[in-house]
Amino acid sequence: MFNSFISVLILIPLCGVFLLFFIHEKNAIAVKTTALVFSLITFFYSLFLWILFDHSTARFQFTEYLEWLWSYNLYFFVGVDGISLLFILLTTFLIPLCILSSWSSVKKSLKEYYSYFLLMESLLICVFSSLDLIIFFIFFESILIPMYLIIGFWGSRTRKIKAGFQFFLYTLIGSVLMLLAIFVIYFETGTTDYQLVSNFTFSDRRQILLWLAFFMSFAIKVPMMPFHIWLPEAHVEAPTAGSVVLAGVLLKMGTYGLLRFSIALFPQGSFYFTPLVYTMSVIAVIYTSLTTLRQIDLKKIIAYSSVAHMGFVTIGLFSLNIQGLEGSIVIMLSHGFVSSALFLCIGVLYERHHTRLIKYYTGVAQVIPLFSIFFFFFSMANLGFPGTSSFVGEFLTLVGVFESNTCVTFLAATGMVLGAAYSLWLCNRILFGKLSTEYISQYTEINRREFAVLIPLVFCTLFFGVYPELILDSLHMSVTNILTKI
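Each chain has its residues counted from 1, running along the sequence as written. Owing to the predicted nature of the model, reporting of local features is limited to residues with pLDDT of at least 70; listing and counting of side-chain atom pairs is limited to 80 or more, with chain, interface and lining totals taken over all residues. Note that the side-chain values use all heavy atoms of the structure and ignore hydrogens as well as water.

### A closer look at the overall build of the protein chain
Secondary structure is summarised from DSSP: a helix means a run of H or I of at least four residues, a strand means a run of E of at least two, and numbering begins at the N terminus for each. Counting its secondary structure elements, the protein chain contains 19 helices and two strands. Dimensions along the principal axes, computed over C-alpha positions, put the protein chain at roughly 65 × 60 × 40 Å. For the protein chain, with 486 residues in total, the buried portion stands at 63%. Reported accessibility uses the Shrake-Rupley method at a 1.4 Å probe radius. Residues are deemed covered only where the shown protein chains occlude them. By element, 69% of the accessible surface of the protein chain is carried by carbon and sulfur atoms, the whole surface being about 18200 Å². Only protein chains enter the accessibility calculation, which uses a 1.4 Å probe; a residue whose area is less than 20% of its type maximum is buried, one above 50% is exposed, and one in between is partly exposed.

### A short note on the pairing of strand 2 (residues 74–80)
Counting buried residues in strand 2 gives seven out of seven residues, a clear majority hidden from the surface. Side-chain alternation along strand 2 places L74, F76, V78 and V80 on one buried face and Y75, F77 and G79 on a second face that is also buried. Two elements, strand 1 (residues 61–69) and strand 2, share six bridges in a ladder whose sense is antiparallel. Its bridge partner lying in strand 2, Y65 is registered against F77. For two strands to pair, DSSP has to find at least two bridges joining them.

### What to know about the packing of aromatic side chains
Side-chain rings of Phe, Tyr and Trp (the six-membered ring for Trp) are treated as a pair once their centres are within 6.5 Å; stacked means planes under 30 degrees apart, edge-to-face means over 60, and tilted covers the remaining angles. Evaluation of the coordinates by the stated rule reveals 44 aromatic pairs. When the ring of Y186 is compared with that of F187, the centres are 5.4 Å apart and the planes differ by 70°; the resulting orientation is edge-to-face. Through a chain of ring-to-ring contacts, the aromatic side chains of F60, F136, F140, Y194, F200, F202, F214, F218, F261 and F266 assemble into a single cluster. In this arrangement the basic side chain of K108 is found over the ring face of F153, its NZ or CZ atom lying 4.7 Å from the centre. Geometrically, a charge over a ring is one whose NZ (Lys) or CZ (Arg) sits within 6 Å of the ring centre while staying within 35 degrees of the ring normal. The aromatic ring of Y350 is capped on one face by R356, whose charged end is 4.7 Å from the ring centroid.

### A closer look at the packing of helix 14 (residues 322–353) against helix 16 (residues 389–404)
Lines fitted to C-alpha atoms define the axes, with helix axes restricted to the stretch in contact, and inter-axis angles between N-to-C directions lie between 0 and 180 degrees. Contact pair helix 14 / helix 16: the axes reach a minimum separation of 7 Å and the direction vectors enclose 155°. Taken together, the axes of helix 14 and helix 16 are roughly antiparallel relative to one another. Classified by chirality, the crossing of helix 16 by helix 14 is left-handed. Touching Q323, G324, G327, S328, V330, I331, S334, F337 and V338 of helix 14 are S389, S390, V392, G393, E394, L396, T397, V399, G400 and E403, all from helix 16. Classification used: nonpolar for Ala, Val, Leu, Ile, Met, Phe, Trp, Tyr, Cys and Pro, charged for Asp, Glu, Lys and Arg, polar for all others including Gly. Grouping the amino acids of the contact of helix 14 with helix 16 by side-chain chemistry returns seven nonpolar, 10 polar and two charged. Any angle that falls under 35 degrees is termed roughly parallel, while one over 145 is termed roughly antiparallel, one within 65 to 115 roughly perpendicular, and all others oblique. Crossing handedness is read from the near helix: turned anticlockwise from the far helix by less than a right angle, it gives a left-handed crossing, and turned clockwise, a right-handed one. We call two residues contacting when some pair of their heavy atoms lies within 4.5 Å.

### Section: the packing of helix 13 (residues 298–317) against helix 17 (residues 406–431)
For any two helices packed against each other, the geometry comes down to the angle between their axes and how far apart the axes lie. Viewed as axis vectors pointing N to C, helix 13 and helix 17 meet at an angle of 160°, and their least axial separation amounts to 11 Å. The orientation of helix 13 with respect to helix 17, classified from their angle, is roughly antiparallel. Note that helix 13 runs across helix 17; the crossing there is left-handed. Taken together, the residues of helix 17 that come into contact with helix 13 (itself represented by L298, I301, I302, S305, A308, H309, F312 and I315) are V408, A412, M416, Y422, W425, L426 and I430. The class makeup of the residues in the contact of helix 13 with helix 17 is 13 nonpolar, two polar and no charged.

### Thoughts on a nonpolar patch on the surface
Residues enter patches when their relative accessible area tops 30% and they take part in no salt bridge; the joining distance is 9 Å for like charges and 5 Å for the nonpolar side chains Val, Leu, Ile, Met, Phe, Trp and Tyr. Put simply, a salt bridge is a Lys or Arg side-chain nitrogen that is within 4 Å of an Asp or Glu carboxyl oxygen. Taken together, V176, L177, L180, F183 and F187 make up a surface patch of nonpolar side chains, about 500 Å² in accessible area. Following the sequence through the fold, L177 ends up in helix 7 (residues 160–189). The class for L177 is partly exposed, based on a relative accessible area of 35%.

### Points about the environment of F463
Within the fold, F463 resides in helix 18 (residues 448–466). When the C-alpha atoms of F463 and G387 are compared, they prove to be 8.6 Å apart, with 76 residues separating the residues in sequence.

### Focus: unusual backbone geometry
The amide bond that connects V222 to the next residue, P223, takes the cis arrangement and shows omega of -10°. Its location among the elements puts P223 in the loop between helix 9 (204–221) and helix 10 (230–237). At the junction of M225 and P226, the peptide bond is cis and its omega measures out at 0° in the coordinates. Mapping P226 onto the fold places it in the loop between helix 9 and helix 10. Positive phi values are uncommon outside glycine, yet S109 reaches one of about 50°. Along the chain, S109 turns up in the loop between helix 3 (82–101) and helix 4 (110–129).

Set out below in structure tokens:
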């Protein structure tokens, strides 16, 4: 069973997609229930991956090695370490919430909509478990297709097609360089096996060129400044569940790639370009935080704040020490909880009132107190309030960066102050003040389904803020193993 553990995990959502084909489109309850059941089975099955995982070793576990193009030395090779394990769990945790959050908001082409989410879940598991460069690239790019269709077909406004094309082309063009770099690695080493390539020593010049090629692809996916233009547009046009999976998981593919490939495979290139990454990241943190303060669309506020948080992550990654790397991974996971929850809260308002402009919402705490509690809690978590998982990640990251560069630490901390400014400003504008009934005369409190979607995110944000050791135990050996190669 353990020899095919990951393959089964990949196949469960695909079985759900297959079963959906045989359900009649008009049987909406059966379509939704099938998608939800298979996503929950995937999540609970992935928990066994965590339970059975050996945290005392840095080696990849549950590895599977299947022949693909054996004559060219190419294989389907998957496995997990402590880093990829956490991102797989994040993926399987968020997809059921995405499906449940779309229960009443999506009215057309239900089979296709839920099929794309299950397909995307399977592809994401493949991305985070791939141990072959070619296999990683194939699944890394394949995710563009379902996400593009979700934005372009089920988007909320007239510019959704443009936003879908922008998302697709930006990320696809950047990945061309990574594909060329993989070909160079293959012809130099004779393999694309990640573990074999990681033990191969490239010349310093070759490392710099390969690092740049991989970096371009991942920097667009993160996204880093100045490659972030596609993200706010994609978020604004995507349906709520699309924004959740985009912010919660898809952005993490970029930072995961930087850690897994750019830093681990090309350490000299990483050292060489650390000042460049620091500069881009600090500009991103400060500039996008200031830009967030100027936004009037609720989704754009969270989208720009995501760019700032990802800038904080890249600063931690390139501190190249254990505190910085572990802190940045904790921020990634925390951002997956918090940003997803904020998009869900915005979706609650949009589903009822069909607008995301701040000026239409004032003093809502007086009429929808339960929603306001959730929104206030996640806004505090977004600014890194002590006791939340965001605080743990930001604290560890600052400790790690301080050991590397005190000036960058000061500038990154400035971004945290700006983060508090836009989070508090947003809460004050929406929740407090005089209740405005000029545009919206009646408000409706969140229902039981929406409560069931948000409460697991509250639990994870608090639990990992109080007891982060559960995450850090999984990371120690894997992060240490990467640092020993630098």
